[in-house]
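What follows is each chain in one-letter form.
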Amino acid sequence: MTIINKKNMKKIVFALLMISGLLMTTTMRAQSAKQVLDKCAAKVSSRDGVQADFTMTSAQYGDASGKIAVKGKMFHASTPMATLWFDGKTLWTYMSKNEEVNVTTPSETQLQVLNPYNFVNMYKKGYEYTMTQSASAFTVHLTATDQSRRVKEMFITIDKKTYNPTEVKLLQKQKWTSFVISNLTTSKLSDAEFRFNSKDFPTAEVIDLR
């Protein structure tokens, strides 16, 4: 995927005009990408909450699949190996193999990988945008302008009809992590769903690492 910069802007614009007939300047493309991300973020940021299935592929963290629920900054993710609850401050991680719950206060870097919808809060500051599109989807490429950002690049694929995100790819420490997202629905979720309840796991050992 081509990264647009000022030096080759004219050549890329000409190529796009020839291929797709799109009459855009680089600035117009950036604005369009921002508008698409805003609409996508609005869908994911439902006050009631959203739920979806996901598959994660990561050279750094391994592969996993399961379900995720998101409400604001809170999320709840479950896979066959682990279940996570995050209430906006505290993260509980239950490992099913050894029935152990680790309690932590996660860093921004950890949250960026654990929650594929974290781009909702990330893209608004410290990134520049370019966008390509197919018949059915937009793909927005974000490049960090702030070098302190842990995530240097992101690709977010968004369905044209629904503005639901279908894939999020992010680059950390020169390694890519990819989330494929499906079956996204809006649901009325209670805040309690995003907190670990010891009554549901009476035999689990709770280890507080904060």
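Bear in mind that the values here come from a model prediction, so they are computed numbers and not experimental data.

The rules behind each value
- Residues numbered from 1 in each chain as written.
- Predicted model: local features only at pLDDT ≥ 70, side-chain atom pairs only at ≥ 80, totals over all residues.
- Heavy atoms only, no water.
- Phe/Tyr/Trp six-rings, centres within 6.5 Å; stacked < 30°, edge-to-face > 60°.
- Helix = DSSP H or I, 4+ residues; strand = E, 2+ residues; numbered from the N terminus.
- Buried < 20%, exposed > 50% of the residue type's maximum accessible area, 1.4 Å probe, protein only.
- Lys NZ or Arg CZ within 6 Å of the ring centre and 35° of its normal.
- Pairing = 2+ DSSP bridges.
- Axes fitted to C-alpha atoms, helices over the stretch in contact; angles between N-to-C directions.
- Core = buried A, V, L, I, M, F, W, Y, C linked by side-chain atoms within 4.5 Å.
- Contact = heavy atoms within 4.5 Å.
- Salt bridge = Lys/Arg side-chain N within 4 Å of Asp/Glu carboxyl O.

Draft legend 1. View of the packing of aromatic side chains. All chains considered together, the criterion is met by 9 aromatic pairs. Taking the centre distance of 5.5 Å and the plane angle of 35 degrees together, the rings of Phe 75 and Phe 86 count as tilted. Here Phe 75, found in strand 3 (residues 74-78), pairs with Phe 86, found in strand 4 (residues 82-86); they are 11 residues apart in sequence, far enough to count as distant. When its relative accessible area of 1% is taken as the criterion, Phe 75 is described as buried. Overall, the relative accessible area of 4% leaves Phe 86 in the buried class. A centroid spacing of 4.5 Å and a plane angle of 45 degrees characterise the contact between Tyr 94 and Phe 201, whose relative ring orientation is tilted. Here Tyr 94, found in strand 5 (residues 91-95), pairs with Phe 201, found in the loop between strand 11 (175-186) and strand 12 (205-208); they are 107 residues apart in sequence, far enough to count as distant. Classification of Tyr 94 as buried rests on a relative accessible area of 10%. Every member of this aromatic cluster is reached through a ring pair, and the members are Trp 85, Tyr 94, Phe 196 and Phe 201. Sitting over the ring of Phe 138, Lys 160 keeps its end group 5.3 Å from the ring centre.

Draft legend 2. Looking closely at the sheet that holds strand 10 (residues 165-172). Spatial ordering of the open sheet is given by 7-8-9-10-11-1-2-3-4-5-6-12, a layout of 12 strands whose pairing is mixed. Looking at which strands have only one partner, the edges of the open sheet turn out to be strand 7 (127-133) and strand 12. The average angle at which neighbouring strand axes cross in this sheet is 20 degrees, direction not considered. Sheet topology note: the strand 1 (residues 50-58)/strand 11 ladder contains 8 bridges and is antiparallel. The residue bridging Asp 53 from the neighbouring strand is Ser 182, located in strand 11.

Draft legend 3. Inspection of the nonpolar core at higher detail. Membership of the largest hydrophobic core comes to 40 residues, with the highest contact counts inside it found for Leu 37, Phe 75, Tyr 117, Phe 119, Val 140, Leu 142 and Met 154. The dominant element in this core, judged by the number of residues it contributes, is helix 2 (residues 26-44), at 6 residues. When near neighbours in sequence (up to four residues on either side) are disregarded, Tyr 117 contacts Val 44, Ala 52, Ile 68, Val 70, Pro 165, Ile 181 and Leu 184.

Draft legend 4. Up close: the pairing of strand 8 (residues 137-144). Within strand 8, 7 of the 8 residues are buried, leaving the element largely enclosed by the surrounding structure. Note that strand 7 and strand 8 share 7 bridges and pair antiparallel. Residue pairing across strands places Thr 132 opposite Thr 139, the latter belonging to strand 8. Where strand 7 folds back on strand 8, the antiparallel hairpin that results is connected by 3 residues.

Draft legend 5. The arrangement of the pattern of salt bridges in detail. In this structure the tally under the stated criterion is 5 salt bridges. A salt bridge links Lys 67 to Asp 53, with the nearest nitrogen and oxygen atoms 2.7 Å apart. A residue pair is termed long-range when its members are at least 10 positions apart, and Lys 67 in strand 2 (residues 64-71) and Asp 53 in strand 1 qualify at 14 residues. Across the pair Lys 71 and Asp 191 runs a salt bridge, and its minimum N-O distance is 2.9 Å. Placement of the pair is Lys 71 in strand 2 and Asp 191 in the loop between strand 11 and strand 12, with a sequence separation of 120 residues. Residue Asp 191 is classed as partly exposed on the basis of its relative accessible area of 34%.

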